[in-house]
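Observations on chain architecture
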Amino acid sequence: MKCLPRPLLICAIIIAFMTPAFAAAKPKLLNFGPWQKVPFYLGPSENNSIEIKIRTLLVDGKIKEFTTGDIHEVTDRFFVVRKAYRLNDWLPEDPKAKQHRWKWQRGGWLLVDRSTMRITQLNLPEFDPFYSGASWFRDYVAYCGLSDDATRVSAVVFQIGRKKPVLKQRLGEAKNGEMPESECETPQWERNPIRVTFQPLGGQKQTFQVFGHAADAMPVGGEEEQ
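Read on for a plain summary of the structure. These figures come from a predicted structure and were not determined experimentally.

The strand order across the open sheet formed by 4 strands is E8-E9-E10-E11, and the pairing between neighbours is antiparallel. The sheet terminates laterally at strand E8 (135-137) and strand E11 (167-173), the two strands that pair on one side only. Neighbour-to-neighbour, the strand axes of the sheet open up by a mean angle of 20°, direction not taken into account. Pairing geometry for strand E10 (residues 152-159) and E11, over 6 bridges, is antiparallel. Bridging across to E11, Val-156 finds its partner in Lys-168.

Here we come to the side chain of Ser-147. With respect to the element layout, Ser-147 can be found in the loop between strand E9 (140-146) and E10. A distance of 2.7 Å separates a polar atom in the side chain of Ser-147 from a polar atom in the side chain of Asp-149. If we skip the residues at most four places from it in the chain, Ser-147 touches Glu-126 and Arg-152.

Applying the stated criterion to the full structure yields 1 disulfide. Disulfide pairing is shown between Cys-144 and Cys-184; the S-S distance is 1.9 Å. Between Cys-144 and Cys-184 the disulfide shows an S-S torsion of about 125°. By sign, it is right-handed. Here the residue Cys-144 occupies a position in strand E9, and Cys-184 occupies one in the loop between E11 and strand E12 (188-190), the gap between them amounting to 40 residues. Owing to a relative accessible area of 11%, Cys-184 belongs among the buried residues under this scheme.

Parameters at a glance
- Residues numbered from 1 in each chain as written.
- Predicted model: local features only at pLDDT ≥ 70, side-chain atom pairs only at ≥ 80, totals over all residues.
- Heavy atoms only, no water.
- Pairing = 2+ DSSP bridges.
- Helix = DSSP H or I, 4+ residues; strand = E, 2+ residues; numbered from the N terminus.
- Axes fitted to C-alpha atoms, helices over the stretch in contact; angles between N-to-C directions.
- Polar contact = N/O pair within 3.5 Å; in protein donor to acceptor, adjacent residues only side chain to side chain.
- Contact = heavy atoms within 4.5 Å.
- Disulfide = S-S within 2.5 Å.
- Buried < 20%, exposed > 50% of the residue type's maximum accessible area, 1.4 Å probe, protein only.

So, in structure tokens, the structure goes:
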């Protein structure tokens, strides 16, 4: 068996070591699948339903999550999107033929890092998947939160990266209606200065000005005092 000339042998060794490195450095591909419509059941009784649109979030062609709604670009590296998932609604006394009674649900919000393809579930205080409608601005999200016993509605502003909310202010009693996001209208953001307005169902409109990691209440109606 003939040996390769020394220069060719050195090149072959270098290529052998470099090939795994090139393979490991291959960039991952993140994209979304096509939209599809699914039934979403309403209220505690779930007697009625509406259609919502969902799509898959894929990394290298593999499904990582189901999502619903549009994404919000936080930076050129990070974006957020709302999670959707299927829940098995089967009871032990149900016929075995119906052992998998899947119902689509809306979940919380996911933070996606484009550079690493890491997907993180955001822990939003008192965010209710059915009643809370989120409004994003920069790295802030505003929504009407629901207490654990579903009796109180609060104005909440949360900033990505922080453990405690920038704002948590009680707005009133919960109505627990049949429609999603029915406890209050979707909060409205303004810039320069940064402030956000909440309008609870049957309650008084309240505006809060956001200062970095804190927020202060403004006069009723959101107008500056003259």
